[in-house]
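What follows is the residue order along each chain.
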Amino acid sequence: MRCLFFLFLFMTAVLPAHPQTADSLQARLDEVVERNLPQGSSVGIMVYDLTDNRPLYLRDADKLCRPASTMKLMTAVTALDMPGADRPFSTELWYKGHIERDTLHGDLYVVGGFDPEFCLEDMDSLVEALCRLPFHTLQGKVYGDLSVKDSLYWGAGWLWDDNPSAFQPYLSPLMLEKGTVKVTAYPADIRGVPARLVCFPPSSYYSVDNNTRTRTPRAGGFKLTRDWMDNGNRLLATGNIAGAQALTVNLFRSERMFMHVLVERMRGRGLQVDSVYAFRKLEADSTAVRVAVQHTPMQAVLDQMMKESDNLNAEAVLWSIGRQVSDGRPVTAKDGLGQVKALIAKLGLDARDYRLADGCGLSHYDYLSPRLLVETLKYAYARTSIFGKLYKSLPVSGMDGTLKYRLGRGTPCYRRVHAKTGSYTGVNCLAGYLQTAGGHWLAFAIMNQNVMSGRASRILQDSICLQLVGVH
């Protein structure tokens, strides 16, 4: 009952009693911003009525702001606007040589294609395809082909001390389980002894120091890190374990993790193969045979990228954009960002007025504006082939993704807001689409900067959305 009472107070404080005219909406939004703007922060806002084709509200719409993960809107729309918008992410398994008397005289190659959703089940599918060939012994090497990409694994302006967080991934053409390891801790039967740790994916590529304690509050909360300052993969688990808990960290050199686990899975299936792997480009010729290929559809990558704000997926999409224009040479971030700038030109804006550094928004070098985000949303809305895929991928208020617990049941915005969130310290943004009670479609961008309270910024954004839903 107390929750319902406070919800009632909140609703009556922010919602108008009658349908709004343009003037009344302007006044109400001004009032909402003045009342809810977090102290010491600034905000840029643009709202556009896609149904009536007119701007509804502008407040510092050209203000340059760090977009955080709303940068993913630019990456997604650019990818969907490319000729290869439906091209899947592929990982291929090849061999070169000949098979004779249960032996492959030659080499195996795994050719990477930036698939950020490649999982252990996919790897086992490749190994299964290999096991169907008439050999059990490899007299040669296992190579990973990373030639599609340059050697930089992080974006410009990423924070070094965000490592080894799982949200700061190592991008590679070959990635397994997003280049991370998940450690689940289960309490032991005896208080004070180390908990039981289960790691996924299992591999000898990393090691684990278990300093946890079962039902020992003085041990502190469960923590997981690794020796990242030394670019090592020794994990350290500490803290009190009273019930099952799980944490995830990234691993250094995701491509080496991929190859290491691949060789382990091959040997586990009885294939005799050298445990030492290497990296080399596959030169396709008459002796090269493709054994198998694993595909992940672009839509699946976009859904994870937008709904769960997955940074690895966004970077993979940026490189897939660049791959279409790289003419076979190793792809760089500049290739992908060049196409984002080309999209900005299509919008009638000047890319030189903005700063683009990565595809996911982790970089503190990114600078966009509310107007740029809204123009991008307008561009997508006007093109059915883009809008359908983008709209499907966006978090839905009260339903899923990063909006699952916002503007939910009991509010007029429930299921009416499809938008991308974006936040890190000092920045909190929301941009996307909203369908009003009157049936109008709106595109909006709210970019709150220099804000110390994410909760206060979300209240501002939600209050604005609650006003917009009353548009007729």
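Up top is the structure these notes are about.
Read on for an overview of the structure.

What counts and how
- Residues numbered from 1 in each chain as written.
- Predicted model: local features only at pLDDT ≥ 70, side-chain atom pairs only at ≥ 80, totals over all residues.
- Heavy atoms only, no water.
- Helix = DSSP H or I, 4+ residues; strand = E, 2+ residues; numbered from the N terminus.
- Expected span 1.5 Å × (residues − 1).
- Buried < 20%, exposed > 50% of the residue type's maximum accessible area, 1.4 Å probe, protein only.
- Contact = heavy atoms within 4.5 Å.
- Axes fitted to C-alpha atoms, helices over the stretch in contact; angles between N-to-C directions.
- Parallel < 35°, antiparallel > 145°, perpendicular 65-115°, else oblique.
- Left-handed = near helix turned anticlockwise from the far one by under 90°.
- Pairing = 2+ DSSP bridges.
- Polar contact = N/O pair within 3.5 Å; in protein donor to acceptor, adjacent residues only side chain to side chain.
- Core = buried A, V, L, I, M, F, W, Y, C linked by side-chain atoms within 4.5 Å.
- Salt bridge = Lys/Arg side-chain N within 4 Å of Asp/Glu carboxyl O.
- 1 Å grid on protein atoms, 1.4 Å probe; cavity = no way out; pocket = protein on both sides within 12 Å on 5 of 7 lines; lining within 4 Å.
- Points joined across faces, edges and corners; volume = space filled by probe spheres on them.
- Nonpolar A, V, L, I, M, F, W, Y, C, P; charged D, E, K, R; others polar.
- Phe/Tyr/Trp six-rings, centres within 6.5 Å; stacked < 30°, edge-to-face > 60°.
- Lys NZ or Arg CZ within 6 Å of the ring centre and 35° of its normal.
- Arc of directions from axis to C-beta.

A few words on helix H4 (residues 120-131). In this model, H4 (twelve residues) spans 16 Å end to end at C-alpha, consistent with the 16 Å of a helix rising 1.5 Å per residue. Listed as buried for H4 are Leu120, Asp122, Met123, Leu126, Val127, Ala129 and Leu130. Contact partners of the buried residues in H4: strand E3 (89-100), strand E4 (102-111), strand E5 (135-139), strand E8 (196-200), helix H5 (254-268) and strand E14 (288-296).

For the rest of this paragraph, the subject is the packing of helix H3 (residues 71-81) against helix H9 (residues 370-381). Packed helix pairs are specified by the crossing angle of their axes together with the interaxial distance, meaning the distance between the axes. Between H3 and H9, whose axes approach to 10 Å, the crossing angle comes to 30°. Between H3 and H9, the crossing angle belongs to the class labelled roughly parallel. Seen from above, H3 lies across H9 with left-handed handedness. Between H3 and H9, the residues in contact are Leu73, Met74, Val77 and Asp81 and Leu372, Leu373, Thr376, Leu377, Tyr379 and Ala380, respectively.

Now for the sheet that holds strand E2 (residues 54-59). The strand order E2-E1-E17-E16-E15 describes an open sheet built from five strands, whose pairing is antiparallel. Edge strands, defined here as strands with exactly one partner in the open sheet, are E2 and strand E15 (417-424). When the angles between neighbouring strand axes are averaged without regard to direction, this sheet yields 5°. Pairing geometry for E15 and strand E16 (residues 426-435), over eight bridges, is antiparallel. Along E16, the bridge assignment pairs Val417 with Leu434. Against the sheet, H9 contacts strand E1 (42-49), E2, E16 and strand E17 (441-451), and its axis sits at roughly 155° relative to E17. The sheet strands contacting helix H10 (residues 384-393) are E15, E16 and E17, and the helix crosses E16 at an angle near 120°.

Turning next to the environment of Arg280. Looking at the element boundaries, Arg280 is found in the loop between strand E13 (277-279) and E14. A residue is classified by how much of its surface remains accessible, and Arg280, at 39% relative accessible area, is partly exposed. Here the alpha-carbon distance between Arg280 and Leu146, two residues 134 residues apart in the chain, equals 7.3 Å. Leaving out residues up to four positions away in the same chain, Arg280 has contacts with Asp107, Tyr109, Tyr143, Gly144 and Asp145. Side chain to side chain, Arg280 and Asp107 meet in a polar contact 3.4 Å long. There is a polar contact of 2.9 Å between the side chain of Arg280 and the side chain of Tyr109.

Residues Met74, Val317, Leu368, Leu390 and Tyr433 are the most contacted members of the largest nonpolar core, which totals 64 residues. Counting residues in hydrophobic clusters, the runner-up holds 42 residues, among them Leu108, Phe135, Tyr206 and Met257.

Right, let's get into the pattern of salt bridges. Under the counting rule described, the total for this entry stands at 26 salt bridges. Between Lys389 and Asp86 there is a salt bridge, and its shortest N-O distance comes to 2.6 Å. Of this pair, Lys389 sits in helix H10 while Asp86 is found in the loop between H3 and E3, placing the two residues 303 residues apart along the sequence. Several salt bridges share partner residues, and in doing so they unite Asp30, Glu34 and Arg59 into one network.

The subject of this paragraph is the layout of surface pockets. Considering only enclosed or pocket space, the second largest pocket measures out at about 250 Å³ in volume. Asp162, Phe167, Leu362, Ser423 and Tyr424 are, among the 15 residues lining the second largest pocket, the residues nearest its centre. Here the lining of the second largest pocket is built from residues that sort into six nonpolar, eight polar and one charged.

Think of a pair of aromatic rings as described by two things: how far the centres are apart, and how the planes are tilted against each other in angle. Here the structure, examined in full by the defined rule, presents 17 aromatic pairs. Between Tyr109 and Tyr143, the ring centres sit 5.3 Å apart and the planes meet at 25°, which makes this aromatic pair stacked. Remark: Tyr143 occurs in strand E6 (residues 142-145) and Tyr109 occurs in strand E4; sequence separation between them is 34 residues. Of the two residues examined, Tyr109 and Tyr143, each falls in the buried class. Centroid distance Tyr381 to Phe387: 5.1 Å. Interplanar angle 80°. Geometry classified as edge-to-face. Given the relative accessible area of 15%, Phe387 is considered buried. A network of ring pairs unites the aromatic residues Tyr381, Phe387, Tyr391, Tyr433 and Trp441 as a single cluster. Just above the ring of Tyr143 sits the side chain of Arg280; from NZ or CZ to the centre is 4.2 Å. In this structure, Arg383 is placed above the aromatic ring of Tyr379, and the distance from its NZ or CZ to the ring centre is 3.6 Å.

Let us now look at the sheet that holds strand E12 (residues 245-250). Here three strands make up an open sheet; going across it, the order is E8-E7-E12 and the pairing antiparallel. Of all strands in the sheet, those bounded by a partner on one side alone are E8 and E12. Neighbour-to-neighbour, the strand axes of the sheet open up by a mean angle of 20°, direction not taken into account. Pairing between strand E7 (residues 180-186) and E12: six bridges, direction antiparallel. Bridging across to E12, Lys182 finds its partner in Thr248.

It is worth spelling out H10 at this point. Within H10, burial applies to Ile386, Phe387, Leu390, Tyr391 and Ser393. On an axial view of H10, the arc spanned by its buried residues comes to 155°, and they lie on one face. Here the buried face of H10 lies against H3, helix H6 (298-307), H9, E15, E16 and E17.

What follows is about the packing of H3 against helix H7 (residues 311-323). Running from N to C, H3 and H7 cross one another at 40°; their axes reach a closest spacing of 10 Å. Taken together, H3 and H7 sit at an angle that is classed as oblique. Considering the relative orientation of H3 and H7, their crossing is left-handed. Residue-level inspection shows Lys72, Thr75, Thr78 and Ala79 of H3 in contact with H7, the latter providing Asn311, Ala314, Val317, Leu318 and Ile321. Looking at the contact of H3 with H7 residue by residue, the classes come out as five nonpolar, three polar and one charged.

Everything listed here is a matter of geometry and, on its own, says nothing about what the molecule does.
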